[in-house]
Amino acid sequence: MKTNIVIITDVSLFCNIFIPLLTSKNKSIHIDICRSISEIDKKIDFSTCDLILVDGGITQTTSFEVIEFISTAKNSKTPIWFFPEIQTEKYLLKSLDLGVSRIIRKPFDPLKIVNEILLYLLKVENVPITEYT
């Protein structure tokens, strides 16, 4: 069974951090990249999505608009992991109110986050992991 992860960013570096690490550790992971709300609307069926990663550095729209669109307009129950640029308490609390499941502060250790993603998927979806350390 394929595991589906959506990465929402228009910053290539953000994708390039996660895609090679995730796919090298688990061949059954499928990753979709969306760079705008219109791409999210066209490409993503949240009923088959296991995890959403939202880059707070997205430039085409605000990350709050993206999160609100996913949570409200698409009515998704898929967990959203958010990587915010802004670190104020008020901003982080608002992101949680909009539907974020987890906040990962920048800078972060990509290997640690990839391992956490794989462990999360193992617990929730029972996805086999080739290697997780």
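Up top you'll find the structure we're talking about.
Computed from a predicted model, the values in this text were never measured in an experiment.

Thoughts on the packing of helix α3 (residues 63–73) against helix α4 (residues 89–98)
Interaxial distance between α3 and α4 falls to 9 Å at its minimum, and their mutual angle equals 20 degrees. The pairing of α3 with α4 is recorded here as roughly parallel in orientation. Of the residues in α4, those touching α3 at Ser63, Phe64, Ile67, Glu68 and Ser71 are Tyr91, Lys94, Ser95 and Leu98. Of the residues belonging to the contact of α3 with α4, the class tally is four nonpolar, three polar and two charged.

Description of the environment of Glu39
Tracing the backbone through its elements, the reader meets Glu39 in helix α2 (residues 37–43). Sequence-wise, Glu39 and Ile8 are 31 residues apart; in three dimensions their C-alpha atoms are separated by 9.5 Å. Beyond its immediate chain neighbours, meaning those up to four positions away, Glu39 contacts Ile33, Cys34 and Ile44. Reaching out from Glu39, the side chain makes a polar contact with the backbone nitrogen of Arg35 at a distance of 3.2 Å.

Here we look at the pairing of strand β2 (residues 29–34)
One ladder, built from six bridges, connects strand β1 (residues 3–8) with β2; its direction is parallel. Bridged to Thr3 within β2 is Ile29. Handedness of the β-α-β unit built from β1, helix α1 (residues 12–25) and β2 comes out right-handed.

Things to note about unusual backbone geometry
Cis rather than trans, the peptide bond between Lys106 and Pro107 has omega equal to -5 degrees. Mapped onto the elements, Pro107 comes out in the loop between β5 (102–103) and α5 (110–125). For Asn75, which is not glycine, the phi torsion reads 50 degrees and is therefore positive. With respect to the secondary-structure elements, Asn75 resides in the loop between α3 and β4 (80–83).

Definitions and cut-offs
- One numbering rule holds for all chains: residues counted from 1, following each sequence as written.
- It should be noted that, the model being predicted, local features are given only for residues of pLDDT at least 70 and side-chain atom pairs only at 80 or more, the latter also being counted only at that level, while totals for whole chains, interfaces and linings use all residues.
- Hydrogens and water are ignored here; the side-chain numbers use all heavy atoms of the structure.
- Whenever a helix is involved, its axis is fitted only over the stretch in contact; in every case the axis is a line through C-alpha atoms, and angles between N-to-C directions fall within 0 to 180 degrees.
- What counts as a helix is a DSSP run of H or I of at least four residues, what counts as a strand is a run of E of at least two, and both are numbered from the N terminus.
- The scheme is simple: roughly parallel for angles under 35 degrees, roughly antiparallel for over 145, roughly perpendicular for 65 to 115, oblique for anything else.
- Note on definitions: a residue-residue contact is assigned when non-hydrogen atoms from the two residues lie within 4.5 Å.
- Classes in brief: Ala, Val, Leu, Ile, Met, Phe, Trp, Tyr, Cys and Pro nonpolar; Asp, Glu, Lys and Arg charged; the others, Gly included, polar.
- Definition of a polar contact: a pair of N or O atoms within 3.5 Å, with one able to donate and the other able to accept a hydrogen when the atoms are protein atoms, and with sequence-neighbouring residues admitted only if both atoms are side-chain atoms.
- Here, any two strands with at least 2 DSSP bridges between them count as paired.
- Handedness is read with the strands pointing away from the viewer; a crossover is right-handed when the path from the first strand over the helix to the second is clockwise.

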